[in-house]
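Topology and contacts: notes
Single-letter residue listing:
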Amino acid sequence: MSLKDKINPETLPQHIAIIMDGNGRWAKQHGADRIFGHENGVKSVRDTVEAAAEVGVKFLTLYAFSTENWNRPQEEVIALMQLLVHTINAETKTLNKNSIRLQAIGDLKSLPVDCYNELQEAIDNTKNNTRMTLVLALSYSSRWEITNAVKQIAEKIENKTLSVAEINENTINSHLCTANIPDPELMIRTSGENRISNFLLWQLAYTELYFTEKLWPDFRKEDLYLAILNYQTRERRFGKTSEQIV
Ligand code: IPE
Ligand code: IPE
Ligand code: MG
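Every value quoted in this text rests on a predicted model; they were computed, and no experiment measured them.

Attention now moves to the site of ligand 1. Every residue lining ligand 1 is accounted for by Met20, Asp21, Gly22, Asn23, Gly24, Arg25, Arg34, His38, Ala64, Asn69, Arg72 and Leu80. One of the side-chain nitrogen or oxygen atoms of Asp21 is found 2.8 Å away from an oxygen atom of ligand 1. The contact in question runs from an oxygen atom of ligand 1 to an N or O atom on the backbone of Asn23, over 3.1 Å. Contact with the protein chains covers 87% of the free accessible surface of ligand 1, which is 380 Å². Applying the majority rule of atoms within 2 Å of the grid points places ligand 1 in the largest pocket. Mapped onto the shell around ligand 1, the elements with two or more residues apiece are helix H2 (23-29) and helix H3 (34-55). At three residues, the largest contribution of residues to the shell around ligand 1 is made by H2. For the shell around ligand 1, the class distribution of residues is three nonpolar, five polar and four charged.

Here's what the structure looks like:
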């Protein structure tokens, strides 16, 4: 039985989020510069998107560039942005062929204008696809997102379209970039780093976390299946006792 066949469709996570990490170290291992690692990471993105759609995952969120990543050497930032424009442009056809809708979360206005336009075009060109939603986190950080949400809520209080008494969890949810996206059931981080790095802090409240030593450019379909299978062995209690779950 293949790994894929071992996956129980009944308990499949509908949303998987991935921190794609380790491109730089992968490049170093291959005696190349960091950009080479990012370029090779694109193959892993392709493989993972395809695998997720094939098993029936509904939302796949990929952390592609964080707010903090702007602080990297300028040539790396420029190369990453160019790679992004190029990849989005080259992959739109495949997304449509596989009925995958593209969305993006983050401070998109801070992206270089060609990158922003390419992204918006791809989002628009894929908006009617229904099989899976691919969410790119770009110039994203959770603290930026939450700060933004607080500002929007405060504005509504100020202009009296919302009262303090009305604020609940849904108010916060609906002001995040992920307003229309369910919380991920599974979060994967590659490269052996055991941290969240400012990713979906609110949304990960009850997400199962899976850390793998694999560097992102080595991540393949089988690695996604392994993560899903591991997720399916977990008991999600949401604060209840084990006895209450069965
Ligand atoms: C992840 O790989 C890609 C981005 C953050 C854009 P890294 O570039 O962080 O690779 P390492 O962690 O330095 O190996
Ligand atoms: C997190 O990886 C951001 C992305 C994968 C886009 P980093 O490599 O930037 O995170 P840290 O600095 O190791 O925490
Ligand atoms: Mg890293």
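Residues in contact with ligand 2, as listed here, are Ile19, Met20, Asp21, Tyr63, Ala64, Phe65, Ser66, Asn69, Arg72, Arg189, Arg195 and Ser197. A distance of 2.8 Å separates an oxygen atom of ligand 2 from a polar side-chain atom of Arg195. When ligand 2 is considered free in solution it has 390 Å² of accessible area, and contact with the protein chains removes 77% of it. Among the cavities detected, the one that contains ligand 2 is the largest pocket. Of all the elements, strand S2 (residues 59-66) adds the most residues to the shell around ligand 2, at four residues. Of the residues belonging to the shell around ligand 2, the class tally is five nonpolar, three polar and four charged.

Procedures and definitions
Residues numbered from 1 in each chain as written. Chains lettered and ligands numbered in written order. Predicted model: local features only at pLDDT ≥ 70, side-chain atom pairs only at ≥ 80, totals over all residues. Heavy atoms only, no water. Near = heavy atom within 4 Å. Polar contact = N/O pair within 3.5 Å; in protein donor to acceptor, adjacent residues only side chain to side chain. Areas by Shrake-Rupley, 256 points an atom, 1.4 Å probe, with all protein chains shown as cover. 1 Å grid on protein atoms, 1.4 Å probe; cavity = no way out; pocket = protein on both sides within 12 Å on 5 of 7 lines; lining within 4 Å. Sits in = over half its atoms within 2 Å of the grid points. Helix = DSSP H or I, 4+ residues; strand = E, 2+ residues; numbered from the N terminus. Nonpolar A, V, L, I, M, F, W, Y, C, P; charged D, E, K, R; others polar.

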